[in-house]
Amino acid sequence: MTRKKKTRSLADKVTIRTGRRKDYKKWRHDNPDQVAPSRRFVAKKQQQRKLQAVRKLARQQNGQDIAIHPDKTDSGTNKPQGDDS
């Protein structure tokens, strides 16, 4: 027999709604074209993205250089040893 999960919020149990959060969430879901983030939030996120890009560039410049495609001067001479067939 499974036991019922406890809930901390009384919002689902109350029939008369006193809070506006659920109403706003429903309105926001029904009207997505009227919902836009605030200018302050947009500016904050733009600043965060700029800082992230600067940090990423600094990490890339401080990292080691790895020869992904080394010069292929001796590529034809590297045959496996002991393969006489």
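Go over the overall build of the chain, please, and point to the residues and values.
Along its length, the chain carries two helices and zero strands. For the chain, the proportion of its 85 residues judged to be buried stands at 1%. With the model as given, the accessible surface of the chain reaches about 9,700 Å², and the carbon-plus-sulfur share is 51%.

Can you explain the pattern of salt bridges? Please cite residues and give values.
Any two side chains of opposite charge can pair, so long as their charged atoms come close to each other. This structure, assessed with the given rule, holds one salt bridge. A salt bridge links aspartate 30 to lysine 26, with the nearest nitrogen and oxygen atoms 3.2 Å apart. Pair noted here: aspartate 30 and lysine 26 are both in helix H1 (residues 21–30), with a separation of four residues, about one helical turn. Overall, the relative accessible area of 53% leaves lysine 26 in the exposed class.

I'd like a description of a nonpolar patch on the surface, backed by residues and values.
Among the surface-exposed residues, Tyr24, Trp27 and Val35 lie close enough to one another that they form a single nonpolar patch of about 270 Å² accessible area. Relative to the helices and strands, valine 35 resides in the loop between H1 and helix H2 (39–62). Taking relative accessible area as the criterion, valine 35 reaches 30% and is therefore assigned partly exposed.

Parameters at a glance
Residues numbered from 1 in each chain as written. Predicted model: local features only at pLDDT ≥ 70, side-chain atom pairs only at ≥ 80, totals over all residues. Heavy atoms only, no water. Helix = DSSP H or I, 4+ residues; strand = E, 2+ residues; numbered from the N terminus. Buried < 20%, exposed > 50% of the residue type's maximum accessible area, 1.4 Å probe, protein only. Areas by Shrake-Rupley, 256 points an atom, 1.4 Å probe, with all protein chains shown as cover. Salt bridge = Lys/Arg side-chain N within 4 Å of Asp/Glu carboxyl O. Patch = residues over 30% accessible without salt bridge, like charges linked within 9 Å, V, L, I, M, F, W, Y side chains within 5 Å.

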